[in-house]
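# Fold and geometry: a report
Next come the chains, spelled out residue by residue.
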Amino acid sequence: MINLSYFANPARFERLAKTLMPVLATVATILLPLGLVDALLISPPDYQQGDAVRIMYIHVPSAWLSMATYAACGVAAIIAIVWKHTLAELFLRAALPFGAAATAMCLVTGMLWGKPMWGTWWVWDARLTSVLVLFFIYIATIALLDAFDRPEQGGQAAAWLTVIGLVNLPIIKYSVEWWNTLHQPSSLSSMKRMLNPAMAADMIRPLMLMTIGLTCLAAIIVTLRMKIEIMKRKRK
Amino acid sequence: MMPIFTRMLARLTRARGLHTLSVVFFALALTAFVFGIGGNTSDLANITPGLVWAVLLLSSLLGLPLLLETDWADSTLDDFILSPIPLPALMALKMLAHIAATALPAAIAATLCVFAMAPDAFSPQLGIGLLLGGISFSAIGMLGAALTLGSSRAATLQAVIVMPLAVPPLIFGAGAAGAPLLGVSPVMPLSMLAAFTVSAATLAPFAAAAIVRMKVTTP
Amino acid sequence: MLMLENLTIARAGAIMALNVTRTVKAGTVLVLKGPNGSGKTSFLRGLAGLLKPEAGALTNAPSFHWLSAQPIPPSLETPREYLAFHAALMGGQAGASPFGINAILDTPFNRLSTGQRQRVKLSRLMVSDRKLWLLDEPSDGLDAAGLETLLTLIASHTDNGGIAVIATHQPHLWPHAETMQFGAGAA
């Protein structure tokens, strides 16, 4: 016998999803092609980096998504722990793998960008290293999700690890930055320098288009994954 | 309290001899690194402080599969929850038992290794730093053990969970240990390490207690 | 006295006991019967507060002992250490046991038989005075003499106004007890 009160909230979620999805889909369908054309063709090449700078239009949004997803998971995890809200656990199941994918995308584009800039795929730059640790934490949390015979235990354990990670991440970031200044000769150009602070408006425009477009796409993917999770549970 | 702590410690050290194994594992892992890097004494002297810190982290993972799993299997965790003694206090005792069985012997071994392999990096603060680090690793390990309770692949998961979370104490500890070689003061990293250790050792028993309660009482 | 009001206990999403309303008076032995997996243990864990009920409540519950069905592992620990540990955990005192374990108090568990280890486990009932005993398969592994001691102990406990709730596959041991059926044939 299944606890029936359980589906009350997912039903409400599905109503919300029904109204939100078309809006998100429209925004994403308009912004992403515009952003891609702007990023790849219209925006100017960097005076130092040339066309290699175009990787930024994927790299920066995926860095943003990896952190924003973790922050959202942190909120969901607190809800899952305090109120034992099933929907919050479903969100974790849907969003954690997406966040890990965004983090992987950020790392891979960082490496692709690093090769022409530094002549090597990987440098132990403070930002890249922090993102790498974030990726490890994502992987550990996802591994917990399915490590138990009872899925509820996995959801709760993953929620706890997400919160522990949320507390620890700023400290990790701080320690890695400190470590970087200790070991890295200052002459090596860091990611900070590659992202010119006084960026031209021609570059900010495609960056914004891509970031907003990809964020909408992220919301669509996570919502769809939640719907799939709900369908899977209904079948059981 | 004493019979409780004695039993927790006995569960880790008796027969399985975790305290001896920790030292043996520490020596083996360090030797493996030396085989990988090469035995050039002056090269090794420079990296020894960092090396012993990384190996200290690895050896702290050893006792985790035993830490709560035996108590879960014979339902001692039920008795912990039902005891009038608060669960976080019992988890703190558990953490102390793990520190006594793994962190303390491994930290002593690590200090001796630095003394022998990199005398220039040896100082009284080094031993204190390594012990603080061991306590941090045990506190984080406690969380790893609680989170993986009841999983069939607990040991692997514990390593995957603990190592990223242990980055700050590793960085500050190894930084403090290597400071004499770089000619800088170890005060800043050592105080950061101490701050992390105090916070982790204070918070971990509460978090572990909540996680254990969730695991045991989930219907 | 122990009062159960509309108590519903589930395990892994399956209802094990639905809307149980019952008053267990002082001096009662309540035997939980039913096949494997019918929810006797889950129900006991619910009474002990180790499993949150899906619905309903448990009121007037006195202080209790909970003995799970898990046997003591055959480790190097001795019964004396085991009982001292549980006494400290329960805030009691390891006292004399009626189960005749004095001779084996310092023999490690790995040299004791299943029945001897069960006797040591049941001796935990002596470390502090509790009105309610929640026992999961207490007769497991016991020989005739051990069984006799157990029955006498429970009888004197209930004679003194105590309550024993027992999950067992040997309900015939308590022919005069109140019973509660689980699984097939449950009310």
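So, here's what we can say about the structure. (Residues numbered from 1 in each chain as written. Chains lettered and ligands numbered in written order. Predicted model: local features only at pLDDT ≥ 70, side-chain atom pairs only at ≥ 80, totals over all residues. Heavy atoms only, no water.)

For chain C, the count of helices and strands is four helices and eight strands. Along the chain direction, N to C, the helices and strands of chain C fall in the order β-β-β-α-β-β-α-α-β-α-β-β. Its C-alpha radius of gyration of 17 Å places chain C within 12% of the 16 Å reference for a compact globule of 187 residues. With respect to the three principal axes, the spread of C-alpha positions in chain C is 45 × 30 × 30 Å. The buried share of chain C, reckoned over its 187 residues, is 50%. Looking at chain C alone, contacts between residues at least 24 apart form 74% of all its contacts between residues at least 6 apart. Summed over all atoms, the accessible surface of chain C reaches about 8,000 Å², with 52% contributed by carbon and sulfur. Taking the 15 positively charged and 13 negatively charged side chains of chain C as two groups, their mean positions are separated by 3 Å. (Helix = DSSP H or I, 4+ residues; strand = E, 2+ residues; numbered from the N terminus. Rg over C-alpha atoms; globule rule 2.2 N^0.38 Å. Buried < 20%, exposed > 50% of the residue type's maximum accessible area, 1.4 Å probe, protein only. Contact = heavy atoms within 4.5 Å. Areas by Shrake-Rupley, 256 points an atom, 1.4 Å probe, with all protein chains shown as cover. Lys, Arg positive; Asp, Glu negative; His and termini not counted. Charge placed at Lys NZ, Arg CZ, Asp CG, Glu CD.)

Looking only at helices and strands, chain A features seven helices and zero strands. Order of helices (α) and strands (β) in chain A, N terminus to C terminus: α-α-α-α-α-α-α. Relative to its 236 residues, chain A shows a buried fraction of 47%. Nonlocal contacts in chain A, meaning residues at least 24 apart in sequence, comprise 81% of its contacts between residues at least 6 apart. When the accessible surface of chain A is totalled, it reaches about 11,800 Å², and 71% of it is carbon and sulfur.

What follows covers the interface of chain A and chain B. It is common to report an interface's size as the accessible area lost on association of the parts. Each side of the interface is counted separately: chain A has 27 residues, and chain B has 30 residues. Overall, the association of chain A and chain B removes approximately 2,400 Å² of surface from exposure, summing both partners, and the carbon and sulfur fraction of that is 79%. Summed over the three residues of chain A that lose the most area to chain B, namely Gln153, Trp160 and Trp178 of chain A, the buried surface amounts to 23% of that side. Where chain A touches chain B, the interface holds zero salt bridges. (Buried area = accessible area lost by both parts, 1.4 Å probe. Salt bridge = Lys/Arg side-chain N within 4 Å of Asp/Glu carboxyl O.)

Before going further, it helps to spend a moment on the sheet that holds strand β7 (residues 163-167) of chain C. Residues and elements named next belong to chain C. Ordered in space as β5-β6-β7-β3-β8, the five strands form an open sheet in which the pairing is parallel. With partners counted over all chains shown, the strands left at the sheet margins are β5 (64-67) and β8 (178-181), one partner each. The mean angle between the axes of side-by-side strands here comes to 15°, regardless of whether they run parallel or antiparallel. Pairing of strand β3 (residues 29-33) with β7 involves four bridges; the strand directions are parallel. Directly across from valine 29, in β7, lies its bridge partner alanine 164. Strands in contact with helix α1 (residues 40-48) are β3, β5, β6 (132-136), β7 and β8; relative to β6, the strand with the most contacts, it is inclined by about 150°. (Pairing = 2+ DSSP bridges. Axes fitted to C-alpha atoms, helices over the stretch in contact; angles between N-to-C directions.)

Turning our attention to the side chain of threonine 197 of chain B. Residue and element names in this part refer to chain B. Here threonine 197 lies in helix α11 (residues 187-217). Separated by 2.7 Å, the side chain of threonine 197 and the backbone oxygen of leucine 193 make a polar contact. Threonine 197 has contacts with Leu132, Ile135 and Ser136, leaving out every residue within four places of it along the chain. (Polar contact = N/O pair within 3.5 Å; in protein donor to acceptor, adjacent residues only side chain to side chain.)

Residues and elements named next belong to chain C. If you trace the three strands from one edge of the open sheet to the other, you get β2-β1-β4, paired in antiparallel fashion. If you trace the sheet from one side to the other, it starts and ends with β2 (14-24) and β4 (55-59), each paired once. Across the sheet, the mean angle separating the axes of adjacent strands is 25° when strand polarity is ignored. Examined bridge by bridge, strand β1 (residues 2-11) and β2 share seven bridges and lie antiparallel to one another. Within the sheet, the bridge partner assigned to methionine 3 lies in β2 and is threonine 23. Across the sheet, α1 touches β1, β2 and β4, and the angle it forms with β1 is around 125°.

The next thing to look at is the pairing of β5 of chain C. If a strand is regular, its side chains alternate between the two faces of the sheet. Residue and element names in this part refer to chain C. The two faces of β5 match: Phe64 and Trp66 on one face and His65 and Leu67 on the other face are all buried. Where β5 and β6 come together, four bridges link them in parallel fashion. Each residue of the ladder has a partner; that of tryptophan 66, found in β6, is leucine 134.

Attention now goes to unusual backbone geometry. Excluding glycine, residues mostly carry a negative phi; peptide bonds, for their part, are mostly trans. Of note, the phi angle at serine 75 of chain B is positive, near 60°, even though the residue is not glycine. Within the secondary structure, serine 75 of chain B is located in the loop between α5 (69-73) and α6 (76-82).

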